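Structural description and commentary
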Amino acid sequence: MSDGEPDGDYISPANQSYEYVIVGGGVHGTCVANYLLDEGGYDHEELCLVDPHERLLGSFETKARKCGMRTLRSTFVHHIDTEPFSLDSFAEGAHREHELVPTEDYPNRPTLDLFLDHARYVIDRRDIDACHHQSTVTDVTRTRHGLLRVDTPVGSLVARRVVLAVGLGGQLTVPSWATSLSDNARLAHVWDDDFDPTTAAAFDGRTFVVGGGITAAQLACRLSEDADVTLLSRHDFEVELTEADSRWINWRHIEQEIHSLPPGSAARCDRIRAARHDATIPPYIEHRLVDARDCGDLDVRHGEIECARASGDGLHLRFDDGTTATDAQVVLATGHDSAPKHPLVGALAESLSLERGANGFPVLDDRTLAWQRSDGTDSALYVSGALAEMSVGPFARNVVGARRAAERLLDSRDSVDSKAVAPPSRGRS
Ligand SMILES: Cc1cc2nc3c(=O)[nH]c(=O)nc-3n(C[C@H](O)[C@H](O)[C@H](O)COP(=O)(O)OP(=O)(O)OC[C@H]3O[C@@H](n4cnc5c(N)ncnc54)[C@H](O)[C@@H]3O)c2cc1C
């Protein structure tokens, strides 16, 4: 690079930097890229979307299919496009209105296939794949010219701004009784790369699905179509239609309820936790559970596994009520680490001197979603997704949270550009 940077391999051509590098090509990263290309007026050469998956949204699709999800929990206006009725028009144009599923006291919800096909349509229409660089970001540092250097194992990129859209934390949550089992024991986590529900459903013994939320419930229903399944939960299944009250979609409500509290404070975390209906299932999943149970395909049990050991081809399990099971397999649907535990969060906070608040969440500028430096000024690193929860509220990780974050980023772009001494070049600098 000609700006006097340290030696190293750069992926972007010499003297050129991206306007935005987006880290993560899931629902959030792809939605942000679409907004920047469409409403932001950026060209493809100005954006780079770094994600290790072969296809954008690959992580979401894999998870949704693994747990047997049939329909989205969110409504037909929540998707990755800029126009609210884009998915509705897409369904109509493709004669797929029947895939907008009516839901009592709630707008229609798309099937998973319709949601994904619409996302693919948006990606193809804007050729967002042209911005996709298949790799993993390992660090972001500041160049001596005030730009950001984004490191990947195959070289570095330079950007004016970086958007962090990496989803939830890196590690899967595994209960302590499971940690001593060998790798080849009949134990899997639904989000393990090599977990295959078809193989799991072919197991001869009883399958215990462990978890108390929507993923566990859907997975248990899916596996019970072919196998003997017990859904094991610590608590009764609570029923809620959505992840939070719909008022939390409204930015003014978020300003009043969240932004009025000190940035990065525990009080913000508490208010968001109280507003989120975590570990709940919507009524239509409850109906699926009841149907499967009434047909004798599924057993629902309260309690916990206390210890497990490999025995023959399966597991010998002991439960907290003293009962046991043999020839069993266990599939965990116990989630991920919290978002701030993603390894990049700590690395970036350190290399760019960024502020972290309660529970390790990034402290953001509520208006722009710029991660603040320790000295209180805005960095050029922006955040979308679960990591932005302290500013975007209880729906931050959801599809609608991606739309809210994209809107903020476009606003922030305008305010950063208007603050610049000289007008920034619209092409690469
Ligand atoms: C099964 C399931 C169903 C859901 N259903 C709904 C629903 O109906 N409605 C709703 O609103 N929300 C739903 N959600 C919640 C939310 O919308 C999804 O979790 C969504 O995938 C979040 O998008 P994301 O982009 O933040 O994360 P992800 O989709 O996980 O994408 C993050 C991406 O970042 C990549 N990444 C991570 N680290 C790096 C790195 N260092 N460098 C480069 N890339 C990196 C990952 O590989 C991944 O591809 C659901 C979630 C799940 C798991």
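Reading the values: rules and limits
- Residues numbered from 1 in each chain as written.
- Predicted model: local features only at pLDDT ≥ 70, side-chain atom pairs only at ≥ 80, totals over all residues.
- Heavy atoms only, no water.
- Phe/Tyr/Trp six-rings, centres within 6.5 Å; stacked < 30°, edge-to-face > 60°.
- Helix = DSSP H or I, 4+ residues; strand = E, 2+ residues; numbered from the N terminus.
- Buried < 20%, exposed > 50% of the residue type's maximum accessible area, 1.4 Å probe, protein only.
- Near = heavy atom within 4 Å.
- Polar contact = N/O pair within 3.5 Å; in protein donor to acceptor, adjacent residues only side chain to side chain.
- Areas by Shrake-Rupley, 256 points an atom, 1.4 Å probe, with all protein chains shown as cover.
- Nonpolar A, V, L, I, M, F, W, Y, C, P; charged D, E, K, R; others polar.
- Pairing = 2+ DSSP bridges.
- Salt bridge = Lys/Arg side-chain N within 4 Å of Asp/Glu carboxyl O.
- Domains from an automatic or database assignment.
- Contact = heavy atoms within 4.5 Å.
- Buried area = accessible area lost by both parts, 1.4 Å probe.

**So, the packing of aromatic side chains**
For the structure on display, the rule yields five aromatic pairs. Here F60 and F115 contribute two aromatic rings whose centre-to-centre distance is 5.8 Å and whose plane-to-plane angle is 70°, an arrangement assigned as edge-to-face. Placement of F60 in helix α2 (residues 58-66) and of F115 in helix α4 (residues 112-125) is noted, with a sequence separation of 55 residues between them. Assessed through its relative accessible area of 1%, F115 is described here as buried. Plain terms: the ring middles of F208 and F319 are 5.4 Å apart, the flat faces sit at 45° to each other, and that makes the pair tilted.

**Things to note about the site of the ligand**
In the neighbourhood of the ligand, 29 residues make up the surrounding shell, with D51, L72, R73, S74 and V137 lying closest. Between the ligand and S59 there is a distance of 3.4 Å, counted from an oxygen atom to a side-chain nitrogen or oxygen. Residue H342 places a side-chain N or O atom 3.0 Å away from a nitrogen atom belonging to the ligand. Considering the ligand on its own, with 960 Å² of exposed area, one finds that the protein chains cover 86% of that surface. Looking at the shell around the ligand, its residues break down into 14 nonpolar, eleven polar and four charged.

**Quick look at the pairing of strand β19 (residues 378-383)**
Pairing between strand β8 (residues 155-164) and β19: three bridges, direction parallel. Its bridge partner being in β19, V162 is matched across the sheet by L381. Bridge count for strand β18 (residues 370-372) against β19 is two bridges, and the pairing is antiparallel. Its bridge partner being in β19, A370 is matched across the sheet by Y382. Hairpin connection between β18 and β19: a loop of five residues separates the two successive antiparallel strands, and G376 in this loop has a positive phi of roughly 90°.

**Some points on the pattern of salt bridges**
Enumeration over the complete set of coordinates arrives at 24 salt bridges. Close ionic contact of R120 with D124 constitutes a salt bridge, the shortest N to O distance being 3.0 Å. One end of the pair, R120, and the other, D124, are both in helix α4, four residues apart, so they sit about a helical turn from each other. The partly exposed category is assigned to D124, whose relative accessible area is 46%. The partner of R247 in a salt bridge is D245, and the shortest N-O contact between them spans 3.2 Å. With relative accessibility at 34%, the residue D245 sits in the partly exposed group. The structure contains a network of salt bridges with shared partners spanning E19, R160 and R161.

**Some thoughts on the domain arrangement of the chain**
Segmentation of the chain into domains returns domain 1 (18-170 + 338-419) and domain 2 (176-242 + 278-332). With centres defined by C-alpha atoms, the gap from domain 1 to domain 2 works out at 32 Å. Contact residues are listed per partner, giving 14 residues for domain 1 and 21 residues for domain 2. Contact between domain 1 and domain 2 buries roughly 1,400 Å² in total, counting both sides, with carbon and sulfur atoms accounting for 55%. For the domain 1 face of the interface with domain 2, the top three residues by lost area are K66, C67 and R73, together amounting to 53%. Viewed at the interface, domain 2 and domain 1 are joined by one salt bridge. Measuring nitrogen to oxygen at the nearest pair gives 3.3 Å for the salt bridge that ties E225 to R70. Counting across the domain 1 and domain 2 interface gives nine residue pairs in polar contact (both at pLDDT 80 or more). Among the elements of the structure, α2 and β4 (106-110) are those that each provide at least two residues to the side of domain 1 that touches domain 2.

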